[in-house]
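A closer look at the structure
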Amino acid sequence: MQQQSLARILLVVDGYYPTIGGTELQVELLSAAFQARGHEVQVVVPWMHPQRPREELIRGVKTTRISYPHVKGVGALILMVKFFYWLIKHRSEYDAIHVHMVKNLATVMGLARPFLHDKVMAAKVSGAWEFEGGILDPALRDRLPWSVMNYFVRKLDYFQTISEFTRERMLDAGYPDAKIKMIRNGLPINDFKEAKRSRAATHDVVTIGYAGRLEPVKGVDVLVAACGELKRRGFDGIELDIAGVGRQDKNLADQAASLGISEQVRFLGGIDDMPGFMADIDIYVQPSHQEGLPNSVMQAMAASLPLVATRVSGNIDLIDDGKNGYLSPAGDVMAMADSLQALIESVADREAFGAASFAAIQGSYALDTVLDQLNGLYIEKLASYSEAP
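Observations concerning the overall build of the protein
Scanning the protein from terminus to terminus reveals 14 helices and 14 strands. Relative to the compact-globule value of 21 Å for 389 residues, the protein shows a C-alpha radius of gyration of 22 Å, a close match. Counting only C-alpha atoms and orienting by the principal axes, one finds that the protein spans roughly 70 × 40 × 40 Å. Summarising the internal contacts of the protein: among those between residues at least 6 apart in sequence, 67% fall at separations of at least 24. Entry remark: accessible area of the protein is about 16400 Å², with carbon and sulfur atoms responsible for 53%. A gap of 7 Å separates the mean positions of the 40 positive and 47 negative side-chain charges of the protein.

Focus on the layout of surface pockets
Considered as a void within the structure, the second largest pocket measures approximately 530 Å³ in volume. Taken together, 23 residues make up the lining of the second largest pocket; nearest its centre are K103, N104, I135, W146 and M149. When contributions to the lining of the second largest pocket are tallied by element, the ones reaching two or more residues are helix 2 (74-89), helix 3 (104-111) and helix 4 (146-153). Among the residues forming the lining of the second largest pocket, the class breakdown is 16 nonpolar, four polar and three charged.

Notes on the packing of helix 7 (residues 220-232) against helix 12 (residues 333-344)
Closest axis-to-axis distance for the helix 7/helix 12 pair is 8 Å, and the angle between their directions is 60°. The angle between helix 7 and helix 12 falls in the class oblique. With respect to the hand of their crossing, helix 7 and helix 12 are arranged in right-handed fashion. Contacts between helix 7 and helix 12 involve V222, L223, A225, A226, E229 and L230 from the first element and V333, M334, M336, A337, L340, Q341 and I344 from the second. Classifying every residue of the contact of helix 7 with helix 12 by side-chain character gives eleven nonpolar, one polar and one charged.

Some points on a nonpolar patch on the surface
Where nonpolar side chains cluster on the molecular surface, the patch consists of I20, L25 and V245 and spans about 220 Å² of accessible area. Note that I20 resides in the loop between strand 1 (8-13) and helix 1 (22-36).

Observations concerning helix 13 (residues 347-361)
Relative to the 21 Å expected for 15 residues at 1.5 Å per residue, helix 13 spans 21 Å between its end C-alpha atoms, a close match to the ideal helical length. Every buried residue belonging to helix 13 is among R350, F353, G354, S357, F358 and I361, and all of these are buried. The buried residues of helix 13 occupy an angular sector of 140° when the element is viewed end-on, so they sit on one face. In this structure, helix 13 carries A348 and A359 as exposed residues pointing more than 90 degrees from its buried face. Looking one or two residues beyond helix 13, the residue adopting positive phi is G363, at roughly 85°.

Rules and cut-offs
Per chain, residue numbering runs from 1 following the sequence as it is written. In keeping with the model being predicted, local features are shown solely for residues with a pLDDT of at least 70 and side-chain atom pairs are shown and tallied solely at 80 or more, while totals for entire chains, interfaces and linings include all residues. Neither water nor hydrogens contribute to the side-chain values; these are computed over all heavy atoms in the structure. For helices the rule is a DSSP run of H or I covering at least 4 residues; for strands it is a run of E covering at least 2, with both sets numbered from the N terminus onward. Radius of gyration: over C-alpha atoms. The globule rule applied is 2.2 Å multiplied by the number of residues raised to the 0.38 power. Contact between two residues is taken to exist if any of their heavy atoms lie within 4.5 Å; hydrogens are not considered. The Shrake-Rupley method, run with a 1.4 Å probe sphere, supplies the accessible areas, and residue values consider only the shown protein chains as cover. Charged residues are defined here as Lys and Arg on the positive side and Asp and Glu on the negative side; His and the ends of the chain fall outside this count. To locate a charge, take NZ of a lysine, CZ of an arginine, CG of an aspartate or CD of a glutamate. A pocket here means an open set of points on a 1 Å grid, computed over the protein atoms alone, that has protein on both sides within 12 Å along at least five of seven lines. A cavity is instead a set of points where a 1.4 Å probe fits but cannot get out; residues with an atom within 4 Å of a point line either one. Grid points are joined across faces, edges and corners, and a volume is the space filled by probe spheres set on the points. Residue polarity is assigned by list, with Asp, Glu, Lys and Arg as charged and Ala, Val, Leu, Ile, Met, Phe, Trp, Tyr, Cys and Pro as nonpolar; anything else, Gly included, falls into the polar class. Axes here mean lines fitted to C-alpha atoms, for a helix over just the part in contact, with angles spanning 0 to 180 degrees between N-to-C directions. Angle categories: roughly parallel below 35 degrees, roughly antiparallel above 145, roughly perpendicular from 65 to 115, and oblique for all the rest. For a crossing to be left-handed, the near helix must be turned anticlockwise from the far one by less than a right angle; the clockwise case is right-handed. Grouping into patches uses exposed residues only, defined as over 30% relative accessible area, and leaves out salt-bridged ones; the cut-off is 9 Å for like charges and 5 Å for nonpolar side chains (Val, Leu, Ile, Met, Phe, Trp, Tyr). By convention in these notes, a salt bridge is any Lys or Arg side-chain nitrogen within 4 Å of a carboxyl oxygen on Asp or Glu. In this analysis, the expected span of each helix is defined as 1.5 Å times one less than the number of residues it contains. Note on classification: 1.4 Å probe, protein chains only; a residue is buried when its accessible area is under 20% of the maximum for its type, exposed when over 50%, partly exposed between these limits. The directions considered for the arc are those from the helix axis to the C-beta atoms.

These figures capture arrangement, not role.
Written as structure tokens, this is what we have:
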């Protein structure tokens, strides 16, 4: 197979698309970036909301949605069958298939392996949650139907892991080391490099920021509580900017009111200008109970910001405690308040940590590096197919 065939890449999302989740945003970014390099790219997703069209261009990339009945259990099976036939019917349109999440559609890819023997098949392990209640859950993988799904998933060529935690969990699950490839999430660093700013030591207000889903797993209530604790300690010159949407938006507003910090907390809703958001804050906080490899933390690092985050998978891959940020136990309000206080009180530490953030995010996390690594996987496997007798 000639290298020009590598221009045909199929990216698959096993969930709603597009949305503000990190996995989905990565697919948006990768699809557009691969296409900008001259590759032919398609995205395939379930048709989860009828208000979205069956086909559309998202960031200039053709996106196809597969319809299915939204009936628990039965709907998932029908989606899997329809995706199977879609893969077979359209097999002349792609050379590499990369599913982002090891769930039902990854299983279908393994099931279709005999019919797609000359295609590269890869699955991305997006976060720690994939090891809870699904194919990769150690407590379920030897039970039906998960054992059968696991059997077919293992037929894929590669498993992309984005953190040390997910890599170790894949090895513990018995997946061969040769198939596990550590390729980080990519980031257009230059977009955020311009957002860097240095506030004067005499500035009266320190702005703390969070961007992401407003869901319980993200722990934003812990961040709001920590800011309430800072006010109790006498720190009145702080602001908290919260960007994002989710089920907790009203609860968080009520919480801020109960702590007497409503005037200091701004709920910005969904935003499109992340570099601008990062340029307007002094400290970025990721208070999650669980993470994959958080895009927002990477963006904050590219914008030369100091970080405060929880000691969970993903965060610990990005943050060197005491060097570019502070880590604290998930759910620990007082520890988070202590970390924020330390940075609020020291402009010098904020600047030093911000510089360390920018230095750390370059290299493995640069978008061009990630594109090269992924394309290298596709080239290697396709070359082996073309050389096979």
